[in-house]
Amino acid sequence: MQLLNSIRDYKYNVLALATVLAFTAEEAAAGPTAGKDIAGVASTAFDQIKSVGELTLGASFLVGVIMVAGGLMKLKQSSENQGQNPPYSAGLWRLGLGAGLVALPAITTVMVKSGGLAGNGPSGLSASPF
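Residues numbered from 1 in each chain as written. Predicted model: local features only at pLDDT ≥ 70, side-chain atom pairs only at ≥ 80, totals over all residues. Heavy atoms only, no water.

**Regarding the overall build of the protein**
Right, so step 1: In terms of regular secondary structure, the protein is built from four helices and zero strands.
Right, so step 2: For the protein, the N- to C-terminal ordering of α and β elements is α-α-α-α.
Right, so step 3: Expressed as a percentage of the 130 residues in the protein, the buried residues total 10%. (Helix = DSSP H or I, 4+ residues; strand = E, 2+ residues; numbered from the N terminus. Buried < 20%, exposed > 50% of the residue type's maximum accessible area, 1.4 Å probe, protein only.)

**Remarks on helix α4 (residues 88–114)**
Right, so step 1: A rise of 1.5 Å per residue sets the reference length of α4, with its 27 residues, at 39 Å; its end C-alpha atoms lie 38 Å apart and thus fit the reference within 8%.
Right, so step 2: Of all the bends found along α4, the most pronounced is centred on Leu104 and spans about 40°, while Pro105, a proline, follows it within four residues.
Right, so step 3: Residues of α4 that are buried include every one of Ala90, Gly91, Gly98 and Pro105, and no others.
Right, so step 4: Buried-residue contacts for α4 involve α3 (38–80). (Expected span 1.5 Å × (residues − 1). Bend = angle between axes of the 7 residues up to and from the residue. Contact = heavy atoms within 4.5 Å.)

**Concerning the side chain of Ser60**
Right, so step 1: You can see Ser60 is positioned in helix α3.
Right, so step 2: In this structure Ser60 comes out as buried when scored by relative accessible area, which is 9%.
Right, so step 3: The residues touching Ser60, leaving out its near neighbours within four places in the chain, are Leu101, Val102, Leu104 and Pro105.

**Focus: α3**
Right, so step 1: Compared with the 63 Å implied by 1.5 Å per residue over 43 residues, the 63 Å span of α3 between its first and last C-alpha is a close match.
Right, so step 2: Within the sequence span of α3, burial applies to Gly40, Thr44, Gln48, Ser60, Gly64, Met67, Gly71 and Ser78.
Right, so step 3: At the exit of α3 stands Gln82, carrying a positive phi of roughly 55°.

**Examining the environment of Ser89**
Right, so step 1: With respect to the element layout, Ser89 can be found in helix α4.
Right, so step 2: Overall, the relative accessible area of 45% leaves Ser89 in the partly exposed class.
Right, so step 3: Sequence separation of Ser89 and Ser78 is 11 residues, and the distance between their C-alpha atoms is 9.2 Å.

**Points about a nonpolar patch on the surface**
Right, so step 1: Together, Phe61, Leu62 and Val65 give the surface a local cluster of nonpolar side chains, amounting to about 270 Å² of exposed area.
Right, so step 2: Counting through the fold element by element, Phe61 comes out in helix α3. (Patch = residues over 30% accessible without salt bridge, like charges linked within 9 Å, V, L, I, M, F, W, Y side chains within 5 Å. Areas by Shrake-Rupley, 256 points an atom, 1.4 Å probe, with all protein chains shown as cover. Salt bridge = Lys/Arg side-chain N within 4 Å of Asp/Glu carboxyl O.)

Shown next, in the form of structure tokens:
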């Protein structure tokens with residue numbers, strides 16, 4: 001049972017290792033005097049967390065495209081078999097989930113810029129959404 005749990009949790013171990021390596025690579029590249037005060041450490045941590053967020057959004061877009069393609073293939077397969085095997089729902093849920101994942105980066109960008117979290121100051125009422 002413990003072996004099954006360790007196999008199931010491997011993705012969390014890989015993500016933890018990637019996070020630690022990202023922080024150490026940033027500190028090593030910054031030089032020996034960078035990040036000695038609390039502001040430098042906080043700035044480095046914020047930059048790394050921002051990078052992880054951007055990577056997550058990019059990955060969600062790619063997974064969404066794959067899910068949409070898989071959903072369309074399942075719908076085609078269902079239409080060829082008149083809905084017997086696999087049912088139409090197998091393609092529809094993949095298509096819906098994939099569309100949501102593809103739209104996630106755009107929605108997140110609009111929400112961040114509308115909330116005034118991007119840039120140097122508040123930009124909630126700007127004329128351009130991007």
